[in-house]
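Chain and residue survey
In case you want the letters, here they are:
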Amino acid sequence: MSEQDTYGSADVPTHDASIWAAGGPVTDWTTDYDIRDQEYIENPVPIWADMRAKCPVAHTERLGGSWNPTSFDAVREMAKMVPELSSRQILVMPPPPGAAEMSRYEQQIAAAPITADPPIHTWTRRMLLPAFSPKTVTQYEDYTEQLCHSLIDGFIETGQCDGAEQYAQQIPPRVIAHMLGVDEGMADQFVIWVNGVLGEGLHDPELRMKTRDELLGFINSEVRARITDPREDLLSELLHMELDHPDADITPEVVVGITNLLIVAGIDTTWSSIGSALWHLGTNPSDRQRLANDPEVLPIAVEEFLRFYAPVTMARIAEQDIDFHGVSIQRGDKILMNFPAACHDPEQFEDPDTFIIDRERNRHVAFGSGIHRCAGSNLARLEMTIALRVWMERIPEFEISDREPMKWAGGQVRGPRVMPMSFPVGQRR
Ligand code: HEM
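This report concerns the structure included in the present document.

Definitions and cut-offs
- Residues numbered from 1 in each chain as written.
- Predicted model: local features only at pLDDT ≥ 70, side-chain atom pairs only at ≥ 80, totals over all residues.
- Near = placed C-beta within 6 Å.
- Helix = DSSP H or I, 4+ residues; strand = E, 2+ residues; numbered from the N terminus.
- Nonpolar A, V, L, I, M, F, W, Y, C, P; charged D, E, K, R; others polar.
- Pairing = 2+ DSSP bridges.
- Contact = placed C-beta atoms within 7 Å.
- Axes fitted to C-alpha atoms, helices over the stretch in contact; angles between N-to-C directions.
- Parallel < 35°, antiparallel > 145°, perpendicular 65-115°, else oblique.
- Left-handed = near helix turned anticlockwise from the far one by under 90°.
- Buried ≥ 20, exposed ≤ 12 C-beta atoms within 10 Å, placed from the backbone.

1. Quick notes on the site of the ligand
- Among the 28 residues in the neighbourhood of the ligand, the closest are listed as Gly 266, Met 314, Gly 368, Cys 374 and Gly 376.
- Counting only elements with at least two residues in the shell around the ligand, the list comes to helix H5 (120-128), helix H13 (252-283) and helix H17 (377-394).
- With 7 residues, the single largest contributor to the shell around the ligand is H13.
- For the shell around the ligand, the class distribution of residues is 19 nonpolar, 8 polar and 1 charged.

Structure below.
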């Protein structure tokens, strides 16, 4: 099949609205799981343990049907199955009813490199790597640190804040806007858009479509503006890049797709990780105290936060029938790459469901595995480290408050979205 072909038979139907309907309570997690279930969203770890013990690759008919591997080895093995498992549909939900059908090429560049398979994946990923090298990302250190201080200045005298909305959520969109070279005043709008694509939008196809149109409209106009008038920013760099790769075909549409990915993948992932880490510290006083007394443990603690609260589960679509260790996966089936569950596999991690702040052996897969391993991991680690360091310097004593209920986002990116916190006023500054 050529790259320009439209949806083939390997695709789940796009216009069947019943797929989006909630299917009632889950009765068996191995044959009927639902990633939108409240129990799964709030506390998935025991559910994964149950699934892993009973059957290493669970299945559900919900949301159009998908497979869910929960062991470290199965997830890593599936991550290597390219091109049998394609990334051109990374959300388990099918495209919203009414969405225009896309060619295979359009699907792949929609958010390349994460939605692309080789060869498109290879050169679109190469376009991004220099901007996210360990050395390049250090240039965002000062900006991120000042940002964290100014956010804390905004609420420190009140003795309370919403740690998800007023802190964790505010950092990644501003860093990304700063990096891309777009108006930082758009950061709040980015959060609304990300929620419309990956959060509420997963339950509401109309919202998802509307959001996608708005977000792509914004990116398109930013990209168009730089075609004839390049600036000193990442968007212009991507657009005018000369890549030494025989397949590279850098068009404005490709740059729109990459920017779409950076906004969507760079924001609620890191926001979720910062939020989960603060939630952990706010509910586990001994770990909070340890970090306050021993700030040098922070880089190791960040890896344990990433492992324990790994937020990202992306999907694949099978391009052919596959026998995976006796499991019959049919062409067109979706597979959830359950990196978070893999991070809790007892075969790989000692005492995996205990948070060990200075865990020594921690080869987690929170950033994925294989050719799609997170290209932004250096930036993510930098943002997490600075956000937690500045918070601990300014507010070493704090707790999660019950003045309103916590709210976690689930689906394919998990993290706190409402997180009331309180702390004594007049701590160290
Ligand atoms: C703690 C925060 C983050 C986590 C846990 C995370 C996790 C992941 C995971 C699991 C994947 C692999 C997805 C797959 O296999 O389909 C991925 C891919 C990716 N991430 Fe991240 N991510 C984070 C932050 C970021 C940031 C800040 C950026 C950039 C602004 C970013 C950019 C990317 C890109 C470009 C890819 C696609 C790489 C490829 O397909 O070759 N991520 N991320």
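2. Here's the deal with the sheet that holds strand S1 (residues 57-60)
- With respect to topology, 5 strands assemble into an open sheet ordered S1-S2-S8-S5-S3, the strand pairing being mixed. Looking at strand neighbours, the two that pair on one side only are S1 and strand S3 (85-86), the edges of this open sheet.
- Relative to strand S2 (residues 66-69), S1 runs antiparallel, the two being bridged by 4 bridges. The residue bridging Val 57 from the neighbouring strand is Pro 69, located in S2.
- The strands touched by helix H3 (residues 72-79) within the sheet are S1, S2, S3 and strand S8 (334-337), with S8 carrying the most contacts at an inclination of about 120°.

3. Here's the deal with the packing of helix H9 (residues 171-180) against H13
- Across the interface, H9 lies against H13 with an axial gap of 8 Å and an inter-helix angle of 150°. Taken as axis vectors, H9 and H13 run roughly antiparallel relative to one another. Read as a crossing pair, H9 and H13 show a hand that is right-handed. Side by side, H9 and H13 meet where Ile 171, Pro 172, Pro 173, Ile 176 and Leu 180 of the first sit next to Thr 259, Leu 262, Ile 263, Gly 266, Ile 267, Thr 270, Trp 271 and Ile 274 of the second.

4. Digging into unusual backbone geometry
- Of note, the bond from Ala 112 into Pro 113 is cis; its omega dihedral lies within 30 degrees of zero at 5°.
- Following Pro 118, the chain continues to Pro 119 via a peptide bond in cis, the omega torsion being 5°.
- With respect to the helices and strands, the residue Pro 119 is situated in the loop between helix H4 (104-109) and H5.
- Unusually for a residue other than glycine, Leu 63 sits at a positive phi of about 55°.
- Of note, Leu 63 is situated in the loop between S1 and S2.
- A count of 23 C-beta atoms within 10 Å places Leu 63 in the buried class.
- Residue Asp 351 is not a glycine yet carries a positive backbone phi of 50°.
- Looking at the secondary structure, you find Asp 351 in the loop between helix H16 (339-342) and H17.
- For Asp 351, a count of 9 C-beta atoms within 10 Å translates into the label exposed.

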